[in-house]
Amino acid sequence: MKVLVAGANGHTGRFVIRYLKEKGHEPLALIRDEKQAEALKELGATPVIGDLEKDVTSAVKQAEAVIFAAGSGSKTGADKTIAVDQEGAKRLIDVAKKENIQHFVMLSSYNADDPNQAKGEGSMEIYYEAKRKADEHLKQSGLSYTIVRPGALLHEGKTGKIEAAAHIPADRNIEISREDVAIVLVESLTEPHVRNTYFDLIKGDKPVEVMLRTL
């Protein structure tokens, strides 16, 4: 399957490309800067130039499925969070619908279903609200979708084991490695049990494939 990866040059996006290749898919890396192309080619992706803040139709036309793993980053302001995490995602969803994309996997965030959990926290409240609006747009789009809402992302090796549920209480250890998140995003492309659903995601004790089939 040809899979367009938005946010391909990010930490999680690069893991996504690796696992797409391992699963026999053809990753298309959506990038704004041509200088990033060579590194992504080395990972096995085909670079596709496109900007989430502009028209991305030409990029989507080349794909059969989409994984949205993009983000404005922690060093940007509220305007970029809204432009990329919210409006950029919505723009990509709309084009994916128009181009009859088979499945859309959204990398969202824990608390995206309830931004009030971060009430008064400024940038985090804005971030969660942007993610919530993007998620709702996807749910209402008519596309086949999966929304993955991981907890705090860690730079550590994969475990291959997770816990996933529609809601995981905040009093839990809500951490998970970026690599495990990438595995879940890729598995969600083809796992029928997570079609048209959403779930929180943290470290756990069940293999990814087993956990996803219980949702």
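Note that the structure is predicted; figures quoted are calculated from it, not measured.

What follows concerns the overall build of the protein chain. Of the regular secondary structure elements, the protein chain holds seven helices and 11 strands. Counting only C-alpha atoms and orienting by the principal axes, one finds that the protein chain spans roughly 45 × 35 × 35 Å. Taking the intrachain contacts of the protein chain between residues at least 6 apart in sequence as the baseline, contacts between residues at least 24 apart amount to 68%. For the protein chain, the accessible surface area stands at approximately 9900 Å², while carbon and sulfur atoms represent 46% of it.

The next subject is the pattern of salt bridges. In this structure the tally under the stated criterion is 14 salt bridges. Put simply, aspartate 113 and arginine 149 hold a salt bridge, and the shortest N to O gap is 3.7 Å. One end of the pair, aspartate 113, is in the loop between strand 5 (103-107) and helix 5 (123-139); the other, arginine 149, is in strand 6 (residues 145-150), and 36 residues separate them in sequence. Among the residues examined, arginine 149 registers a relative accessible area of 2% and is labelled buried. Of the charged contacts in the structure, one is a salt bridge between aspartate 200 and arginine 149, with a shortest N-O distance of 2.9 Å. Residue aspartate 200 is found in strand 10 (residues 197-203), and its partner arginine 149 is found in strand 6; the two are separated by 51 residues along the sequence. In this structure, a network of salt bridges that share partners links the residues Arg32, Glu53 and Lys80.

Our next topic: the pairing of strand 3 (residues 46-49). The sheet contact formed by strand 2 (residues 26-31) and strand 3 spans four bridges and is parallel. Of the residues in strand 3, the one forming a bridge with isoleucine 31 is isoleucine 49. The parallel pair strand 2 and strand 3, bridged by helix 2 (residues 37-42), forms a crossover whose chirality is right-handed.

Another point: the sheet that holds strand 8 (residues 161-165). Pairing is mixed across the open sheet formed by nine strands, whose spatial order is 3-2-1-4-5-6-10-8-11. On the outer flanks of this sheet lie strand 3 and strand 11 (206-207), each paired with one strand and no other. Looking at chain direction, strand 5 and strand 6 are connected through four bridges and run parallel. If you follow methionine 106 over to strand 6, its bridge partner there is isoleucine 147. Helix-sheet contacts for helix 6 (residues 178-187) involve strand 4 (65-68), strand 5, strand 6, strand 8 and strand 10, and the interaxial angle to strand 5 is about 160 degrees.

The phi dihedral of asparagine 111 falls on the positive side, at around 80 degrees, and the residue is not glycine. Taking the relative accessible area as the measure of exposure, asparagine 111 reaches 15% and is therefore buried. Within the chain, asparagine 196 stands out as a residue other than glycine whose phi angle is a positive 55 degrees.

All right, on to helix 4 (residues 78-98) then. Side chains that are three or four residues apart share a direction in an α-helix, a result of its 3.6 residues per turn. A rise of 1.5 Å per residue sets the reference length of helix 4, with its 21 residues, at 30 Å; its end C-alpha atoms lie 29 Å apart and thus fit the reference within 8%. Where helix 4 bends most, at glutamate 87, the angle is about 35 degrees. Within helix 4, the full set of buried residues consists of Thr81, Ala83, Val84, Asp85, Gln86, Gly88, Ala89, Leu92, Ile93, Val95 and Ala96.

We now examine the side chain of threonine 12. The residue threonine 12 is located in helix 1 (residues 11-22) in this model. Setting aside chain neighbours within four positions, we find threonine 12 in contact with Leu107, Leu153, Arg178, Val181, Ala182 and Leu185.

Among the nonpolar cores identified, the biggest contains 34 residues, and Val16, Leu20, Ile67, Ile162, Val184, Leu185 and Leu201 are the most heavily contacted of them. For this core, the element with the most residues is helix 6, which contributes six residues. Setting aside residues no more than four positions away along its own chain, leucine 185 makes contact with Thr12, Val16, Ile67, Val105, Met106, Leu107 and Val148. Membership of the second largest hydrophobic core comes to 27 residues, among which are Leu4, Ala59, Val84 and Ile147.

Conventions adopted
Residues numbered from 1 in each chain as written. Predicted model: local features only at pLDDT ≥ 70, side-chain atom pairs only at ≥ 80, totals over all residues. Heavy atoms only, no water. Helix = DSSP H or I, 4+ residues; strand = E, 2+ residues; numbered from the N terminus. Contact = heavy atoms within 4.5 Å. Areas by Shrake-Rupley, 256 points an atom, 1.4 Å probe, with all protein chains shown as cover. Salt bridge = Lys/Arg side-chain N within 4 Å of Asp/Glu carboxyl O. Buried < 20%, exposed > 50% of the residue type's maximum accessible area, 1.4 Å probe, protein only. Pairing = 2+ DSSP bridges. Right-handed = clockwise from strand over helix to strand, strands pointing away. Axes fitted to C-alpha atoms, helices over the stretch in contact; angles between N-to-C directions. Expected span 1.5 Å × (residues − 1). Bend = angle between axes of the 7 residues up to and from the residue. Core = buried A, V, L, I, M, F, W, Y, C linked by side-chain atoms within 4.5 Å.

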